[in-house]
Structure formats: structure tokens, C-alpha cells
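Structural description and commentary
So you can see what is in the structure, the chains are spelled out below.
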Amino acid sequence: MANPLQFAYRTQKAIGVFDAAPVYEALPGFTQPEGNLRCCTYSPCGRYFAYASNEGVTVVDASVGHVIASLPIPAVYELDFSPRGTFLSTWERPAKDEAGDATKNLKVWRVIEEVADGAEKQPLGKFVQKSMSGWNLQYTSDERYCARLVTNEVQFYDSNNLTTVWNKLRVEGVTQFAVAPGLNQNVAVFVPERKGQPAAVKVFNVPQFNSPISQKTFFKGDKVQLKWNGQGTSLIVLAQTEVDKSNKSYYGETNMYLLSANGAFDARITLDKEGPIHDVSWSPNSKEFGVVYGFMPAKTTIFNHRAVATHSFAIGPRNTIIFSPTGRFVLVAGFGNLAGQIDVYDMEKDYRKICTIESGNPSVCTWSPDSRYILTATTSPRLRVDNGIKLWHVGGGIMYNEEMVELYNVMWRPASLNSLPGGDPLHPVPAPHASALKYLGTVKTPSKPAGAYRPPGARGASTPLHFKREDEGGAAHSVSNGTPSIGPNGFGRPRRQIPGAEFAEPAAVPGATPVIGAAVDEDGLSKTALKNKKKRGNKKGKEGENKAAPAGTEGGLAPPPREYGSGSGNEGRSPERRGQHQHQRSQSRNNYPVRNRSNTHRARSQSRPNQRQGQQNDNHHPLPQNGQGGAPIAQSAADSAANSANAKKMRSLQKKIRAIEDLEMRHAGGEKLEDTQMKKIATKASVLKELEVLEKELA
């Protein structure tokens, strides 16, 4: 019987090794360590498993869990094996010795080594490595050579002799390098832009460093990802800038290039959808790769080794693509701030979609070595809640579920395809573990599909195109770069346009030409113009009535109308405003209760006090006592003010009554009230009496 699939995990307090399908149990011979556990990893060959604790680094046999080696280094933060598991590299935090020199914190150890009794194991080599990114040595696939990056050069060592440099690749300004896998012993180096010179990626054959065998120069490359295929024959360069000068993205601009290791082919990969490149991944067959690109909803396309598109999947909110180890299946998923949906496709069956998995919000997603299962996990510190591990069958069903507290890392044990059972991964479907059945019992199935909120007026109607994503029938998203644009999907529409409603008409200006489409009366005026016309007519009628009284009064005090000629101070006023000004002056001279509202009126009144006094002394005729007189109007205004004050006071008393009744109910319910609240309850009788008096007065 073949060994079962196995994965390891690290939580806040423990490290575990777990045998997956078909047994679903912890590795019997492995003793779980506890305490401050910083890291753990499998060797690429799958033979060893190592973890670091405060006591040191421990290496165990991954098949049975027995300890085979221990390293006396307590402060290790990173671990990594060589491709065949012969060497183990450890990284500690940078520090300084007593002389002030940097300590050699990168150490390389031989995993299996005979040590005399009572002697400690010694490293093969030590290096100073300050940065945690790219800290480890890079080995060739046969472990013959290894390399590390220093200033302006890549140093190569014989893996069995790390004390002396075997060869050097001198490249001015190099910041990244990647050793090719497979039998081809090639190395790619990257030099970013500087002093107006373009960025460059060069490929050299080890150890012939005189001239590159392949290279590509380009602009817009501050940093890159160098992705070799499994055979080391082709290289994908994913270049990225820190700032997008076109202002289309906050995260810079991305471009992708493809180079062959022998220099026969190099090209920029052109993509047919505008936007960033989210992910790119090689297939295990080294003959094709997949790219997820474009503004959301993104597009996913499969290219061959000559950068020719062979198939495009349906667009959707996706940002991850991962091929299965056998190369038969590919998953396209949306993680991070997306919904966590995973689409699984069968590459051998004309890219047929097998299923869609609702995985929640995982931060880890990997294929099992036999391509039958997909492992998803939610880990800390990205999310500190709902941490746990789920195993899904490639057909879409959940096989295993385990919840954990602060899960930090989880990984499959690597295994070669020759050591795994064959057969069709889709059939037969294995029986799920009991934890999976329990999980399915807790998942609530929505009674109806959940969608976006729609106001009552829009319910039952079709969704406008500018509210639909591109994968739902809407038009493609376009970036206007600050310039207004109106596309077929409604982006950049006018502000007054409301989806599903008629176009709003601009407000009419009095005296202006009516807007086309506005409501018009029989005189050819719009509703707004007609309303303003009525206001002006009412205003002129009131002015005529007010002018009639002083004109017919014998011995009236009103002076004759002034001619508004030059020097009158009213040259720039319209006839309506002139009449209004004259009306206000006549009101003030007939003792109307209207006060002047401008400093001009106040100044004129103060400049002629003698004139008014003389007119009052010479006035022997009483003012008319009719509806136009001042006394009845003043009396009416006084009565109205008194009633308003009484009504206001009555509302205040009613508010006090409601507050007192609320306090009485609270007191009756057993609540202990303060002294001021009890005193307020005692004033209820007087408030009611006062309220009764006011009601009689208003009646």
C-alpha cells in the first residue's frame, strides 16, 4: 500500500504532522513540539521535515516521525532544504559581536552526517545575510553548485566547499537572480533602470559568464519576478513599476516578457484586456502557462511556449491560477478581497469546467501531489478568526475540515508522481471524513439567491447596463485618466441622470427662452415662468392699493412722487424696484409698522428730522380711521403675538406633563429616583392648573 498523503501545520502553540486520505489521523511516531515555534518546512524530495524551536532545529523522518538530526541553534527564523534534501540552510536575526562586526547569521548544514559522541554538529559554511528576502542559497537541480547575491555580482560555490568562491558572475547593478531548474545549468539576472538606461534581464550558462546566451531590455521595470518553467528552457519576466505614470492604477504598471534559454526567442506578451497582471503560472509540462490579467472582472488565458494564446476562460472576479502537479487540471480562483470562489477545469477535456468551490476566505490554496485534492486554509495574521484547514475533492465535494486557533502555516508533503497511485482522480469519489459531514450540517443554504439591494421602485425591473459587471453583460471597464467620457455602459453619465427615470430638465430662468420639452401654458410660458409672472402681478396689485390711500387724503403728509432722473441714486434700478422703494417711503410717512431695512433709508430719515417735525405740527386733519389705518393693524398684530406666546407656553407645559408622567411610571415600576426628580413630580398639580388657565384664554 502506498503511503497516504500527508500535510504539516503550525499553530500558535504546536506543530503537527497529519496523514490525510484515506486515514485522516496524526502521524503516529511524531511527537508534537510545543512552545515558541517559529517555522517548519518539508524537503523538496519529501524525505525530511524540519522545525525550529527555542531549543534548536529538529529534523525528523517524514514517513515515521522519528528524529534523525538536531542542530544547536536556538534563534532560527527561517529554514530551507536543498532540492535533494542533502543540505539544510538556517537564517537567524542579524546581530553584532563584541567587536561590533556583523555575525554570520546564514548557516548551511549537512542533514545526514556522522558526528563523534559528545561533539556538536558544525555548519559547512557561514555567511552574513542582513535581508530576510532572498536570504537562502540557490542550488542547481543536481546540487553540484549553489549561488548567492552580493553587491554587483553573483557568487557561485561548490556545494561541498562553501569556504571559497568557485566562480563569480560580475553584473553591474544586479538586484535579483534565479537559477534555472532541470538539467540546464542556467542563471538569469535582473538589472533595473538607472541613469536613463533601460532595465535588462540576462541569461548566462554556468560557468560561461563571458557573454549572455539570451537577454531582453525594457523600460518600466523597477522590480521583476523571474519564473522558470520546470525544464529550465523558458523564462517569464513579470516586470512592475512602483508608480503608474498614466494614473490608471495605484499599484504601478505591469508588463510581461518571455525568453527562451538558448536565445532563439524573446518577446513581450501582449494582452487583450487593459489592467494589471494578477498572476502567472507555468504548467508542469513546461509547454504552456496561464495568466490572469485586466481590471475586474479579470480575464484568464492559456498561452503556449511561443506566447500564442490557445484558450481563454470566462471572465470573472479572479486573481489566482494554479496548475495541478500532473498538469491535467487548473484552478482559477479569486482570493484576498474577492469572494474566494475556485473554478476547476479539465485541461484534457477541452478545458471543461468541472466545478466551482465556495471556499470562503482562504489565504492558502495548494494542490495535493496526486492532483486529487485541493487544500485551502485561513491563516493568521491575515485573519485571526475562522482559522482552519479544509480538504476538497477535485470534483467539488469537501472531504475534511478542522478548525484551529491562530493557524500560521500549512503545507503538503512533496511526493514524486511515480510513488503515487494512478487512476482517474475524478472517479471514484472517496468517502468524506466525519468532520466534513459535520461541517456540511452547519452550512446554511440561502433560501433565495442573495443579491445587491434594490430600492422598491427598481424591483422587478431589469438591471441597467451600467450597474452590471462585464461578465454579467455590461460593457468593459475603461479608465478615463481624468477626462470625462460617456461609454455604452453608462460610465461618466451626466449628474442629473437617474437610472430608470426620465431625464431631469434644467430649471427655467425667468424671462429666458423656455427649455425644450418643458410644460408650456396657453400663453407660451413654462410653469416656472408662469409662476414668476403671477408673483409680479400680485406684487403690483398690492402696490396700487397702498398708493390709493395717500393719494385721496386731504392734507396728506406724503410728498409728491419724485422723478427718478439723474442724481436720484436710482438710475440702475428696475421700475419694479423703484416702485418698491417709493412704497416703503410712503409706508414710513403714514406710520405703518414697517421698519427700514437698509442703511440708505435710515440715513435719509435722519437727514430730514426738521421737515418731519414741521409736517407733524402743521397737521390739523386727523388720519383716516379705516382698514388702511395704523391702529387696527397694530392691535391685530399685538393680539396675534399674545396668542403665539400663549401657544408656545402651553406646548412647554404639555412637555413638562409628559416628562412628569414618565417619571411617575418609572417610580411605580420600582426604580429609585433622585431628589430633583421627586420634586419635579410634586409640581404636577401646579403645572396642570397653569395649563388649564392658558387653555381657557386661548378658547
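Computed from a prediction, not measured in an experiment: that's the story for all the values here. (Residues numbered from 1 in each chain as written. Predicted model: local features only at pLDDT ≥ 70, side-chain atom pairs only at ≥ 80, totals over all residues. Heavy atoms only, no water.)

**Considerations on the overall build of the chain**
We apply this condition: Secondary structure is summarised from DSSP: a helix means a run of H or I of at least four residues, a strand means a run of E of at least two, and numbering begins at the N terminus for each. To sort residues, take the accessible area from a 1.4 Å probe on protein chains only and compare it with the maximum for the residue type: under 20% means buried, over 50% means exposed, and anything in between is partly exposed. In this description, contact between two residues means that some pair of their heavy atoms is separated by no more than 4.5 Å.
In terms of regular secondary structure, the chain is built from eight helices and 36 strands. In the chain, which comprises 699 residues, the share counted as buried stands at 37%. Pairs at least 24 residues apart make up 42% of the contacts formed inside the chain by residues separated by at least 6 positions.

**Describing the nonpolar core**
Soluble globular proteins: nonpolar side chains tend toward being buried together. Put simply, the test is: Here, nonpolar core means buried Ala, Val, Leu, Ile, Met, Phe, Trp, Tyr and Cys residues that are tied together by side-chain atoms lying within 4.5 Å of each other.
In this structure, Phe-7, Tyr-24, Leu-375, Ile-389, Leu-391, Val-410 and Trp-412 are the most contacted members of the largest nonpolar core, which totals 20 residues. The set of elements that each furnish at least two residues to this core consists of strand 1 (6-11), strand 33 (373-378), strand 34 (388-393), strand 35 (398-403) and strand 36 (407-412). If sequence neighbours within four positions are ignored, Leu-375 has contacts with Phe-7, Val-364, Cys-365, Thr-366, Ile-389, Lys-390, Leu-391, Val-410 and Trp-412.

**Notes on the pattern of salt bridges**
Which entries qualify depends on this criterion: Just to be clear on terms, a salt bridge is a Lys or Arg side-chain nitrogen sitting within 4 Å of an Asp or Glu carboxyl oxygen.
What the rule picks out here adds up to 19 salt bridges. Note that Glu-92 is salt-bridged to Lys-107, the shortest N-O span being 3.3 Å. Remark: Lys-107 occurs in strand 10 (residues 106-110) and Glu-92 occurs in strand 9 (residues 87-92); sequence separation between them is 15 residues. You can call Glu-92 buried: its relative accessible area is 15%. What makes Lys-107 buried here is its relative accessible area of 14%. Note that Glu-172 is salt-bridged to Arg-170, the shortest N-O span being 3.9 Å. Several salt bridges converge on common partners, so that one network encompasses Glu-153, Lys-168, Arg-170 and Glu-172.

**Looking at the sheet that holds strand 26 (residues 299-304)**
Worth spelling out the cut-off: Here, a strand pair is defined by DSSP locating no fewer than two bridges between the strands. To obtain an axis, a line is fitted to C-alpha atoms, over the contacting stretch when the element is a helix, and the angle between two such axes runs from 0 to 180 degrees between their N-to-C directions.
Reading across the sheet, the four strands line up as 24-25-26-27 and stay open at both edges, with antiparallel pairing between neighbours. Strands with a single pairing partner mark the edges of an open sheet, and in this sheet they are strand 24 (277-282) and strand 27 (309-312). Each strand axis lies, on average, 20 degrees off the axis of its neighbour in the sheet, ignoring direction. The pairing of strand 25 (residues 288-293) with strand 26 spans six bridges and is antiparallel. The partner of Val-291 across the bridge, within strand 26, is Thr-301.

**Notes on the packing of aromatic side chains**
To keep it simple, the criterion reads: Under the pairing criterion, centres of Phe, Tyr and Trp rings, with the six-membered ring standing for Trp, must be within 6.5 Å; the plane angle then separates stacked pairs below 30 degrees from edge-to-face pairs above 60, leaving the rest tilted.
With the rule as written, the count across this model stands at 19 aromatic pairs. Seen in terms of ring centroids, Phe-127 and Tyr-157 are 5.4 Å apart; in terms of plane orientation they differ by 65 degrees. Their pairing is edge-to-face. Of this pair, Phe-127 sits in strand 11 (residues 125-127) while Tyr-157 sits in strand 14 (residues 153-158), and the two are 30 residues apart along the sequence. Ring centres 4.2 Å apart and planes at 35 degrees place the aromatic pair Phe-313 and Tyr-345 in the tilted group.

**Focus: the sheet that holds strand 28 (residues 320-323)**
Taken together, four strands build an open sheet; the order of strands is 28-29-30-31 and the sheet is antiparallel. Both outer strands of the open sheet, strand 28 and strand 31 (352-358), are each paired with one neighbouring strand and no more. The sheet shows a mean angle of 20 degrees between the axes of neighbouring strands, taken without regard to direction. Two elements, strand 30 (residues 341-346) and strand 31, share six bridges in a ladder whose sense is antiparallel. In the sheet register, Val-344 faces strand 31, and the bridge partner there is Cys-355.

**Quick word on the confidence of the model for the chain**
For the record, the criterion: Values of pLDDT, the confidence the predictor places in each residue, fall between 0 and 100.
When the pLDDT values of the chain are averaged, the result is 79; 76% of them are 70 or greater. This stretch, residues 482-496, has a pLDDT under 50; its non-local contacts, to residues over four places away or in other chains, come to 18 contacts. Under a pLDDT of 50 for its full length, residues 515-522 has, in the predicted model, nine contacts with residues more than four places off or in other chains.

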